[in-house]
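In case you want the letters, here they are:
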Amino acid sequence: MELVLLCVSIAAAIISLILLTIIRVQESERLFVHKNLLLSIGLGNLVYVLDKTLFSSRNEHHVICLCGYDHPAVL
């Protein structure tokens, strides 16, 4: 359920960012800050979702994630 809600949040952030970019309202610092905030929220949630789904078993993915201390590249 958590991943579903995060995906909804990512979609809402992307749609809001697109709408703020398409609609040519008076360019202001407030709009710039809100665009960057939506981008950071969307990317942060995307990284979290990818971490939960793709890298759930870090011991099997030594090439992608060098988390094990017994890996030759870490030594």
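Residues numbered from 1 in each chain as written. Predicted model: local features only at pLDDT ≥ 70, side-chain atom pairs only at ≥ 80, totals over all residues. Heavy atoms only, no water.

**Re a nonpolar patch on the surface**
No. 1: Side chains of I14, I15, I18, L19, I22, I23 and V25 sit close together on the surface and give an oily, nonpolar patch of about 670 Å² of accessible area.
No. 2: Within the secondary structure, I15 sits in helix α1 (residues 2–22). (Patch = residues over 30% accessible without salt bridge, like charges linked within 9 Å, V, L, I, M, F, W, Y side chains within 5 Å. Areas by Shrake-Rupley, 256 points an atom, 1.4 Å probe, with all protein chains shown as cover. Salt bridge = Lys/Arg side-chain N within 4 Å of Asp/Glu carboxyl O. Helix = DSSP H or I, 4+ residues; strand = E, 2+ residues; numbered from the N terminus.)

**Comments concerning the UniProt feature "transmembrane region" (unreviewed entry) in the protein**
No. 1: Here the UniProt feature "transmembrane region" (unreviewed entry) sits at residues 5–25.
No. 2: Taken as a whole, residues 5–25 contains 86% helix and 0% strand, while its terminal C-alpha atoms sit 30 Å from one another. (UniProt positions renumbered as here; feature names shortened; annotations may be inferred.)

**A look at α1**
In an α-helix, one turn spans 3.6 residues, which is why side chains three or four residues apart end up on the same side.
No. 1: With 21 residues, α1 should reach 30 Å at 1.5 Å per residue; the first-to-last C-alpha distance of 30 Å fits that figure.
No. 2: Restricting attention to buried positions, one finds in α1 the residues L6, I10 and A13. The arc that holds every buried residue of α1, seen down its axis, measures 65 degrees, which confines them to one face. The exposed set on the far side of α1, more than 90 degrees from its buried face, consists of V4, L5, V8, I15 and I22.
No. 3: Against α2 (29–53) lie the buried residues of α1. (Expected span 1.5 Å × (residues − 1). Buried < 20%, exposed > 50% of the residue type's maximum accessible area, 1.4 Å probe, protein only. Arc of directions from axis to C-beta. Contact = heavy atoms within 4.5 Å.)

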